[in-house]
Structures are given as C-alpha cells and as structure tokens.
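# Reading the structure
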Amino acid sequence: MHYCSNLVKYLKTLCVIVTIALFTSDSSAQSIDRASTAPTGIKIVSNVQKSKKSPPFDEKKLNGYLLVYFKDQTQSAYLAISKDGYTFTDINGGNPVFIGSELAEQKGVRDPHITRGPDGAFYLAMTDLHIAGKRAGFRDTEWERPAEKYGWGNNRALVLMKSYDLIHWTHSDFRVDKAFPELGDIDCSWAPETIYDAAKKKMMVYFTIRYNNKDANIYYSYANADFTKLETVPQKINTIGGIDADITKVGDKFQMFYVSKAQLFHAVSDRVNTGFTSGDKRIDPESVNTEAPNLFKRLGTDKWVLMYDVYGMRPSNMGFSETTDFANYTNLGHFNKGVMKATNFSSPKHGAVTYLTPDELKAVATHWKVDIQE
C-alpha cells in the first residue's frame, strides 16, 4: 500500500509537469516541481520594520535597479537586479522568489508590480490567478466560476506584500469582492500597481475590474499602512476606458500608460487618479499584441524607459522604448535583441522596475550570491 501510494503521488506530479509544459507555448528550462521546492531566499513574517541602523530613505542616493516579472510556466514571480538599468541578472538562479502556490488563493501569481514608498519600503502587488489551475490539479474546473457568465479567470483576490530589505516580507491575499460587497458581482480583478498619493499621504493601489465579461476599467483604492488590505471602496478612473494601467509622477504631472485593444496608449493628468486626457496614437512600436506597460527612469538622466510585455510574439519577450518628452519615443528593441540585456533568464512577462541604493544592491547580491554583470 505504501508503494502504491507513492506511485500515485509520483504519477500525479508527473501529470502536472507534463500538462503545464504543454499549456505554455514558450520554451523554458523551468519545471513545476523545481519552482515549488527550490529555496526562494525570502521569509514571510507577520510584520516588517525598518532597521534602526538604516539611514533615512533618500531618493537621491538610488543608483541600482530591481526588476520583478513572472513566468507562465511556474505561475510565480522572479527578481532581477542591475547596476546600470540596461543589463539585468536574475537573483535566484532562474528559480522563483515568490511561489504562486504558496501565496495565492488560486495557487498562482501574475502581473507583479513593485515600487518604493516614501518610507523606503518595497511594495509588491500581484494578481491572484493560476490560468492552468485545473491542469495543475488545483481545481476541478477550468475557472472557479462558469466562463459563460464570468469569462476567463474570474479571479477576485490581490496579493499584497511589503518589505524593507527584500528578504523579509509581509503577505496578504486580499479578496476585493468580499471586502467591498457594494461593488456587486465582479468578474475579476487583476494587474494591481501601487503609487504614493502625497495629498492623501497613503499608498494608492490601482487595478483592473471587469463586469459582465466585457466592461473592464481601471479602479483605485487606498491601502492601510501595513499594506495588508485596501481601506476605501475602489473608485473608477472615469476618463480612461482601458486596462493594465501604469501611473508615474514626472515633475508636476502624472504620466499614465494603459492598454486598449492589446496596444499601449498614453494619458496625462495633474492629479493621481482623475482628470487624465488621452491621445489616440499607439505608443509601442510593435506590430503584435502588447500589454503591461511600466515606466522607469534612467537614474541621473532625463530619460525615461517604457517597458512592456510583447506577449504576441513567440517566444514572448519584453519590449522597451525611451523618451524624454513623452511625445517622441526611441525603440530600444527587446531583451537580448538590442541594448537591453537579460543575462540568465528568458521570456519574462508583465514586469516592473524600481530602484535600489548601493547598499541594497550589494546586500541583495550577497544574500543570493549573485555576480552582478554590467
């Protein structure tokens, strides 16, 4: 009986690996069992506090870069670091740092976004969704609820995490619909991002909510100080009818990039969550489907890089465009097909970049034993 039990477990595990490999169209050396058993290098804790030895957070001292991304093969998230913002090196040897099956209600995470708050903390938000949950053995149906009514995914939770050192993290899996029943019967929520609202003195989380399997729009809410829940009923950003928004303050304006019809568009406002006006010109230079825009600055310059997921190409890749005026863009190509380099990973999806101090960059490289390349 013991032998048969082990054999059944082995066959189930093998079935998961094979079905997930068949599901994804991109080649990868990752395997599901590696993703779930390899050390991550992080610790989930009940609360995080900035070290008393750490100096006050000073944005002027930032000179390194941190990239978060996910992969379909593992439904988990990864981190990569860079000294110059051009060449990124994965910190965990090609293994996930954030395991979807351990952090999410649906046993998968997608669409990770990371940013810094004025307190110096790292705020990480992710979609709670495993798109191959049935094939992976996590549920009996393709989606949690009937696709005829709710469409694909029908996921309603957001994963919220906070850290000061990128090693110790708090974790919350926050069900949007249960917290705010006044929203009604939402299909799903996804692609959360976070920005500091100086007027409210709070971290604002904005994300996509869809109704009736067709009406998808961008909503915003304010998080509590611990970044474990949203405190205000999500409100629609009324002037924009898109999804997958990315908002960055540049000077006295808020630059928003968002997705409509699998293309990237640009909007601008002098307020963080209202008053956006949009142009009708596609911003990204691709001829295939794109999503997941993310804007980051080349530190010490007046250049801004718009990164996006070119999911319509095979294998998928990240694309990059550079601008100084948000009117003219230079196409930088894709990872390892231009000036942007990924030294030890491929086919990253839905990424975001934030910044590190020299001490943080060194600490991360030391902790994960990474030889940072330039």
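To keep things clear, this report deals only with the structure shown in the data block. No experiment lies behind these values; they were computed from the predicted model shown. (Residues numbered from 1 in each chain as written. Predicted model: local features only at pLDDT ≥ 70, side-chain atom pairs only at ≥ 80, totals over all residues. Heavy atoms only, no water.)

## Concerning the packing of aromatic side chains
Just so we agree on the cut-off: Centres within 6.5 Å are what make two rings of Phe, Tyr or Trp a pair, Trp counting through its six-membered ring; a difference in plane orientation under 30 degrees is then read as stacked, over 60 as edge-to-face, and the rest as tilted. The helix and strand labels rest on DSSP assignments: H or I over at least four residues marks a helix, E over at least two residues marks a strand, and numbering proceeds from the N terminus. Think of it in three bands: with a 1.4 Å probe and only protein chains considered, a residue is buried below 20% of the maximum accessible area for its type, exposed above 50%, and partly exposed in between.
All told, the structure shown has 16 aromatic pairs when counted by the stated rule. Ring geometry for F98 against W169: centres 5.2 Å apart, planes inclined by 90°, an arrangement best described as edge-to-face. Of this pair, F98 sits in the loop between β4 (87–90) and α3 (100–103) while W169 is found in strand β8 (residues 168–175), placing the two residues 71 residues apart along the sequence. Across this residue pair, the class does not change: F98 and W169 are buried. Their ring planes at 85° and their centres at 5.0 Å tell us that Y123 and F227 sit as a pair that is edge-to-face. In this pair, Y123 sits in strand β6 (residues 122–128) while F227 sits in the loop between β11 (215–222) and β12 (235–236), placing the two residues 104 residues apart along the sequence. There is no split in this pair, since Y123 and F227 are both buried. An aromatic cluster of at least three residues, connected via ring pairs, comprises Y69, Y78, F88, F320, F335 and F345.

## Examining the sheet that holds strand β15 (residues 263–269)
Our working rule: Paired strands are those between which DSSP finds at least two bridges.
A sheet is described by the order of its strands in space; here four strands give the open sequence β13-β14-β15-β16, paired in antiparallel fashion. Edge strands, defined here as strands with exactly one partner in the open sheet, are β13 (243–250) and β16 (277–278). Across seven bridges, the pairing between strand β14 (residues 253–260) and β15 is antiparallel. For V259, the partnering residue across the bridge sits in β15 and is L264.

The values reported here are purely geometric and, on their own, carry no functional implication.
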